[in-house]
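Next come the chains, spelled out residue by residue.
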Amino acid sequence: MNAALWIGTSFKMNKTRAQAVAYAARLREAVGAGIPGVQPFVLPSATALAEVTAALGPERTVLTGVQNAHWASAGAWTGELSVPQAADAGAAIVEIGHSERRAHFAETDATVRLKVEAVLRHGLTPLVCCGESAEDFARGRSVDRVLEQVAAAFDGIGGTGRALVAYEPVWAIGEHGRAPRPEEIAPVHRALAEEWGDRTAGVLYGGSVTPANAPELLMVPGVGGLFAGRSAWRVEGYLALLEAGRAHLAPAG
Ligand SMILES: O=C[C@H](O)COP(=O)(O)O
């Protein structure tokens with residue numbers, strides 16, 4: 001999995017199974033054999049994962065995954081989902097540490113680390129989310145805060161080469177977030193590229209990504225892909241992001 005650009009979406013807590021499968025079927029039809037240099041991925045709700053994976057086809061041109069998983073392989077963890085269970089339902093990617101989970105579900109740097117270790121141990125790809133708060137951004141602490149989070153996530157863990165990092169400033173995410181100007185995310189991406197570029201499979205940007213701003217965000221040095229929520233929940237929006245990736249790699253094509 002040495003894609004030049006990873007471009008994915010999380011459905012968060014949206015879509016019925018039928019809606020998710022319809023999305024996947026349309027995506028498979030549109031993506032066909034794939035886009036050279038671009039690795040698409042979709043993280044549906046766990047209820048739809050197996051059906052979405054099947055609808056995307058055995059070629060696995062579009063990878064699938066989950067938005068969270070527990071660090072234990074099995075056991076008395078009511079309401080949780082293990083990495084082997086996610087893999088059994090088709091997951092190749094496990095998102096870990098999204099700011100919504102850190103804010104609302106007591107996810108910490110310590111639990112993120114446990115989950116990263118478990119995902120790597122089971123041979124899947126962790127997608128480690130990091131990002132500073134609006135307050136840290138205003139105080140000029142973005143780089144320090146993000147490097148702290150990522151260092152904690154990978155602390156003492158070897159073999160991180162298959163892991164992905166998604167830089168998602170909290171102030172840029174969701175309906176109350178605002179899209180960043182490229183120069184606002186450039187220092188963090190520069191720092192992440194220096195520190196983790198050679199030790200991970202890529203560093204993505206996420207937070208108010210749209211087809212309109214995708215080209216300028218992809219131009220930021222160190223950005224190795226995009227991770228989108230709202231703008232990709234309609235399949236045409238996601239296809240537009242994939243097209244932005246294709247155009248970025250082959251501007252004249
Ligand atoms: O998981 C995706 C990110 O939280 C971004 O969400 P958004 O594109 O709706 O701002």
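Residues numbered from 1 in each chain as written. Predicted model: local features only at pLDDT ≥ 70, side-chain atom pairs only at ≥ 80, totals over all residues.

### Some points on the environment of glycine 75
Inclusion rule: A run of DSSP states H or I qualifies as a helix once it reaches four residues; a run of E qualifies as a strand once it reaches two. Both are numbered from the N-terminal end. To assign burial, the other C-beta atoms lying within 10 Å of each residue's own C-beta are counted, with C-beta atoms placed from the backbone; 20 or more indicates buried, 12 or fewer indicates exposed, and intermediate counts indicate partly exposed.
Locating glycine 75 in the fold gives a position in the loop between strand S3 (63-66) and helix H3 (83-88). A tally of 8 C-beta atoms within 10 Å means that glycine 75 is categorised as exposed. Counting along the chain gives 46 residues from glycine 75 to arginine 121, while the straight-line C-alpha distance between them is 17 Å.

### Concerning helix H7 (residues 142-153)
Heads up, the rule is: Expected helix span is computed as 1.5 Å times (number of residues minus one). Directions drawn from the helix axis to the C-beta atoms are what define this arc. Placing a C-beta atom from the backbone of each residue, one calls two residues in contact when those atoms lie within 7 Å.
Over its twelve residues, H7 extends 17 Å from the first C-alpha to the last, a length consistent with the 16 Å expected when each residue adds 1.5 Å. Turning to H7, its buried residues are Ser142, Arg145, Val146, Gln149, Val150 and Ala153. Viewed end-on, H7 has its buried residues packed into an arc of 125°, placing them on one side of the element. Looking at the packing, one finds that the buried side of H7 touches helix H5 (109-121), strand S5 (125-130), helix H6 (134-138), strand S6 (164-167) and helix H8 (182-196).

### Thoughts on the pairing of S6
Convention followed: In this description, strands pair whenever DSSP reports at least two bridges between them. A clockwise course of the path from the first strand over the helix to the second, judged with the strands pointing away from the viewer, identifies a crossover as right-handed.
Burial along S6 is two-sided: the residues Leu164 and Ala166 and Val165 and Tyr167 are all buried. Direction of pairing for S5 relative to S6: parallel, over a ladder of four bridges. Paired with cysteine 129 across the two strands is alanine 166, which belongs to S6. Two strands pair when backbone bridges link them, and S6 and strand S7 (residues 202-206) are joined in this way by four bridges, in the parallel orientation. Looking at S7, one finds that valine 165 is bridged to valine 203. Taking the sense of rotation as the criterion, the β-α-β connection linking S6, H8 and S7 turns out right-handed.

None of the figures reported here should be taken as evidence of function without further support.
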